[in-house]
Amino acid sequence: MKVLVTGGAGYIGSVTAERLLAAGDQVTVLDDLSQGHRAAVPAGADFVQGDAGDRPLVERALRERGIEAVMHFASFSLVGESMQRPFKYLRGNTATGLSLLEAMAECGVRRFILSSTANLFDKPGRIPVAETEPVVPGSPYGESKHALERALKWLERINGLRYAALRYFNAAGATAERGEDHHPETHLIPLVLKTAMGKQEKVVIYGDDYPTRDGTCVRDYIHVSDLARAHILALRALDRGSLVYNLGNGRGFTVSEVVETAREVTGREIRTEVGSRRPGDPAELVASSERIRKELGWEPEHADLKSIISSAWEWHSSHPDGYID
Ligand code: UDP
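Residues numbered from 1 in each chain as written. Predicted model: local features only at pLDDT ≥ 70, side-chain atom pairs only at ≥ 80, totals over all residues. Heavy atoms only, no water.

## Concerning the site of the ligand
No. 1: As a structural note, the neighbourhood of the ligand is formed by 14 residues, with Leu 188, Val 204, Tyr 206, Arg 278 and Asp 281 the closest of them.
No. 2: Leu 188 is positioned with one of its backbone polar atoms (N or O) 2.8 Å from an oxygen atom of the ligand.
No. 3: Take Tyr 206: an N or O atom from its main chain is 2.9 Å from an oxygen atom of the ligand.
No. 4: Calculation on the ligand without its partners gives an accessible area of 510 Å², and the protein chains cover 90% of this total.
No. 5: Elements represented by at least two residues in the shell around the ligand include exactly α6 (188-196) and β8 (203-206).
No. 6: The greatest single-element share of the shell around the ligand, amounting to three residues, is contributed by β8.
No. 7: Grouping the amino acids of the shell around the ligand by side-chain chemistry returns eight nonpolar, three polar and three charged. (Near = heavy atom within 4 Å. Polar contact = N/O pair within 3.5 Å; in protein donor to acceptor, adjacent residues only side chain to side chain. Areas by Shrake-Rupley, 256 points an atom, 1.4 Å probe, with all protein chains shown as cover. Helix = DSSP H or I, 4+ residues; strand = E, 2+ residues; numbered from the N terminus. Nonpolar A, V, L, I, M, F, W, Y, C, P; charged D, E, K, R; others polar.)

## Some points on the packing of helix α1 (residues 11-22) against helix α7 (residues 224-237)
No. 1: The contact between α1 and α7 brings their axes to 9 Å, and the two run at 60 degrees. Between α1 and α7, the interaxial angle falls into the category oblique. With respect to the hand of their crossing, α1 and α7 are arranged in right-handed fashion. Contacts between α1 and α7 involve Tyr 11, Ile 12, Val 15, Thr 16, Arg 19 and Leu 20 from the first element and Val 224, Ser 225, Leu 227, Ala 228, Arg 229, His 231, Ile 232 and Leu 235 from the second.
No. 2: Broken down by class, the residue content of the contact of α1 with α7 amounts to nine nonpolar, three polar and two charged. (Axes fitted to C-alpha atoms, helices over the stretch in contact; angles between N-to-C directions. Parallel < 35°, antiparallel > 145°, perpendicular 65-115°, else oblique. Left-handed = near helix turned anticlockwise from the far one by under 90°. Contact = heavy atoms within 4.5 Å.)

Encoded structure:
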């Protein structure tokens, strides 16, 4: 299939582009490189530099390349930042997504996959969190994804759009060639590994007074390759109808457990210091991925935290300065 991957120079987008190419699909990456890296775009993909919210540019790309499906990764994606800069998320993510969907409607492209988020579930009543859990966004970031999910329902009904909304829990790990390289880095595992490499002095743990087994937040870390595979399975299944899935391993680890596992994997000292809570962080987020397992036969291949952190460590060790653009 001919697939447009917005944000395909970013972490999850580039790994998905790599997997799509390996599966024989034709890939066009659209990325403005504001957060992504040109070097992360796989060699076999066409590359268009630009904004996913640029209607004329997107329509041209859709028409000229005969695009049949869009995977939309391009997004602001930091819970903490969204609590400080709500409009960047409430307007930015929503406006870009809607503009892209409008361009698709104009060009008759009817398959869409949205990167959605576990931040739709601020204080879930039940852990692991299933798709039946009521949506209560935890931040303007989560709210922006919820707005797009709701728009998709209308577009399905009115325009016959087929979509998949994939709610990622915590993407982590790396492939041999592609890993996590954000500027500034705010995610736990890369920060822990940078500390192990001596690139920063310590990891600040955002709160140890949560109602969890050791007081630090529990998250469900899912390998980026497993996420990429879920996108491809969802793409192939869209002709049967729209899909909404929570995606995780179904097992949660505390921040302290992540640090401890990273100490084991790296054999290095990793200093920590307890700081205050980060606004917008729920205490515990673990996914139930029963629905995608049952309906699409998806299974995580790298479910174990140690192997997830090992793959990230290999990438960081072989790319000590991240991507060289
Ligand atoms: N975290 C932390 N220190 C850091 C970065 C993250 O304690 O320097 C915690 C954060 O509060 C959350 C977990 O690690 O509970 C995962 O955070 P991350 O930013 O990686 O992903 P998120 O859960 O926000 O998607």
